[in-house]
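The lines below spell out each chain.
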Amino acid sequence: MSVELLETIKQQIGVLNKQQQAELSQFLQEQMKQDAARATAPCLPPGDLEAVEIRRRQHAEWMKSHREEYGGMYVALDGDRLLGTGKNYPEAAAAARQAAVSNAYVDFVLPPDYEGYMGG
Amino acid sequence: MNYQMNFSRLVSYDAGLPGITVDVVISLISNSITLKAKLDTGSTNCTFERQYGERLGLDIESGERIRIGTPTGSFIAYRHSVTMNVLDYALDVGVCFAEDASISRNVLGRLGLLDRVNIGLVDYEGKLYLSKYGEE
């Protein structure tokens, strides 16, 4: 952006009322946060990105297709491989540690008839 | 009798806002979205607006379909696995995105967050004390 354009924008901001300036300030802060988030996102080579995405899809597919069998339990997964189960997060995480998998996916399997709840 | 818990982290939040509102970054590969969500011990799941899932590039309806009850009815949401950065933790978890684009609530519930961290709350100071379960 040229210095002239920046100065023009600054002058235009001066014309805005206080509420509009506050809205603009909020917008810029949100933009900066988004940029910071993008900057801190894991930057992996294309091959690794693909591997991460494949693993994520394997986890998602496994969780979706094993609700009958493992619903209500926590599971530890390495891709589409089940490492262990537990009745809570620490138990399943311990199963992953026992299998010596450091980046295992540990989560709760939703039972087939699961209904969540969101408070008021 | 007195009870003691130890925490490894302290996160401040704005006690002036309605609800305990914290920044959340959800990401998928190299695509990230920052949003504000309310910590909600009364919610079973971490549930976000549909637009955030779409902005991540997710096909919302391809996730696990679940019904989420509320005090006034219920709505459909779809669970997807993402990386969620919240309260200084990076968690690979299943989070839900509302099917209905008009639902504008973003909450951090039990599954995916509260089931794996210990939390101490001092609301009048806007302080959350945290430890991941098992963390020294």
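Conventions we followed
Residues numbered from 1 in each chain as written. Chains lettered and ligands numbered in written order. Predicted model: local features only at pLDDT ≥ 70, side-chain atom pairs only at ≥ 80, totals over all residues. Helix = DSSP H or I, 4+ residues; strand = E, 2+ residues; numbered from the N terminus. Buried ≥ 20, exposed ≤ 12 C-beta atoms within 10 Å, placed from the backbone. Contact = placed C-beta atoms within 7 Å. Nonpolar A, V, L, I, M, F, W, Y, C, P; charged D, E, K, R; others polar. Pairing = 2+ DSSP bridges. Axes fitted to C-alpha atoms, helices over the stretch in contact; angles between N-to-C directions. Core = buried A, V, L, I, M, F, W, Y, C linked by C-beta atoms within 7 Å. Expected span 1.5 Å × (residues − 1). Domains from an automatic or database assignment.

**Q** Quick one: what's the story with the overall build of chain B, residue by residue and with numbers?
**A** When helices and strands are counted, chain B shows one helix and ten strands. In chain B, the succession of helices and strands from N to C terminus is β-β-β-β-α-β-β-β-β-β-β. The principal-axis extents of the C-alpha atoms in chain B amount to approximately 50 × 35 × 25 Å. Among the 136 residues that make up chain B, the fraction classed as buried is 33%. Sequence-distant contacts in chain B: of pairs separated by 6 or more residues, those separated by 24 or more amount to 56%.

**Q** Requested: an account of the interface of chain B and chain A, with residues and values cited.
**A** If you look at the interface, chain B gives 32 residues, while chain A gives 28 residues. Per-element accounting of the side of chain B that touches chain A gives the leading share, six residues, to strand 5 (residues 64-70) of chain B. Looking at the side of chain B that touches chain A, its residues break down into nine nonpolar, 15 polar and eight charged. Summarising the sheet, strand 4 (residues 115-117) of chain A and strand 5 of chain B pair through three bridges and their orientation is parallel.

**Q** Quick rundown of the sheet that holds strand 1 (residues 74-78) of chain A? Include the residues and the values.
**A** All names here are of chain A. The strand order across the open sheet built from three strands is 2-1-3, with neighbouring strands paired in antiparallel fashion. Two strands bound the open sheet, and with one partner strand each, they are strand 2 (81-86) and strand 3 (105-108). Averaged over all adjacent pairs, the angle separating strand axes in this sheet is 25 degrees, with direction ignored. Both strand 1 and strand 3 contribute to a ladder of four bridges, which runs antiparallel.

**Q** Quick rundown of the sheet that holds strand 1 (residues 9-12) of chain B? Include the residues and the values.
**A** Residues and elements named next belong to chain B. One open sheet accounts for three strands, arranged 1-10-9; its pairing is antiparallel. Only two strands of the sheet have a single partner each, and these edge strands are strand 1 and strand 9 (117-122). This sheet shows a mean twist of 25 degrees between the axes of neighbouring strands, independent of strand direction. Relative to strand 10 (residues 127-132), strand 1 runs antiparallel, the two sharing four bridges. Looking at the pairing, Arg9 lines up with Leu130 of strand 10.

**Q** Quick one: what's the story with unusual backbone geometry, residue by residue and with numbers?
**A** Residues and elements named next belong to chain B. Unusually for a residue other than glycine, Leu87 sits at a positive phi of about 50 degrees. Using a count of 20 C-beta atoms within 10 Å as the deciding quantity, one classes Leu87 as buried. Notably, Asp88 is not glycine yet its phi reads approximately 70 degrees, a positive angle. Residue position: Asp88 is located in the loop between strand 6 (73-86) and strand 7 (89-98).

**Q** Could you give an account of the nonpolar core, with specific residues and numbers?
**A** Membership of the largest hydrophobic core comes to 49 residues, with the highest contact counts inside it found for Ala76, Ala92 and Val106 of chain A together with Cys46 of chain B. In contact with Ala92 of chain A, other than residues within four places in its own chain, are Tyr74, Val75, Ala76, Gly84, Thr85, Gly86 and Val106 of chain A.

**Q** How would you sum up helix 1 (residues 3-15) of chain A? Please name residues and give values.
**A** Three- or four-residue spacings in an α-helix give side chains the same orientation, since the helix completes a turn every 3.6 residues. When the terminal C-alpha atoms of helix 1 of chain A are compared, their 19 Å separation across 13 residues agrees well with the 18 Å that a helix rising 1.5 Å per residue should span. With zero of its 13 residues buried, helix 1 of chain A lies for the most part at the surface.

**Q** Got a sec to walk through the domain arrangement of chain A? Specific residues and values, please.
**A** Along its sequence, chain A is carved into domain 1 (3-36) and domain 2 (47-108). For domain 1 of chain A versus domain 2 of chain A, the distance between C-alpha centres works out to 45 Å.

**Q** Would you mind going over the environment of Gly84 of chain A in detail, with residue names and values included?
**A** All names here are of chain A. Locating Gly84 in the fold gives a position in strand 2. Placed 14 residues apart in sequence, Gly84 and Gln98 show a C-alpha to C-alpha distance of 9.0 Å. When neighbours within four sequence positions are excluded, Gly84 is seen to be in contact with Ala76, Ala92, Ala95, Ala96, Gln98 and Ala99.

**Q** Please set out the pairing of strand 3 (residues 31-39) of chain B residue by residue, giving values where relevant.
**A** All names here are of chain B. The sheet contact formed by strand 2 (residues 21-28) and strand 3 spans eight bridges and is antiparallel. Paired with Thr21 across the two strands is Lys38, which belongs to strand 3. Turn length for the strand 2-strand 3 hairpin, with the two strands adjacent in sequence and antiparallel, is two residues, and the turn residue Ile29 shows positive phi of about 55 degrees. Summarising the sheet, strand 3 and strand 8 (residues 107-108) pair through two bridges and their orientation is parallel. The residue of strand 8 that forms the bridge with Leu39 is Leu108.

**Q** Outline the pairing of strand 6 of chain B, listing residues and values.
**A** Working note: regular strand, side chains alternate between the two faces of the sheet. All names here are of chain B. Relative to strand 6, strand 2 runs antiparallel, the two being bridged by four bridges. Pairing of Val25 across the sheet is with Asn85, part of strand 6. Relative to strand 6, strand 5 runs antiparallel, the two sharing seven bridges. Considered in strand 6, the bridge of Arg65 is made with Tyr78. The antiparallel pairing of strand 5 with strand 6 creates a hairpin that spans two residues between the two strands. Summarising the sheet, strand 6 and strand 7 pair through ten bridges and their orientation is antiparallel. Within strand 7, the position partnered with Val82 by the bridge is Val93.

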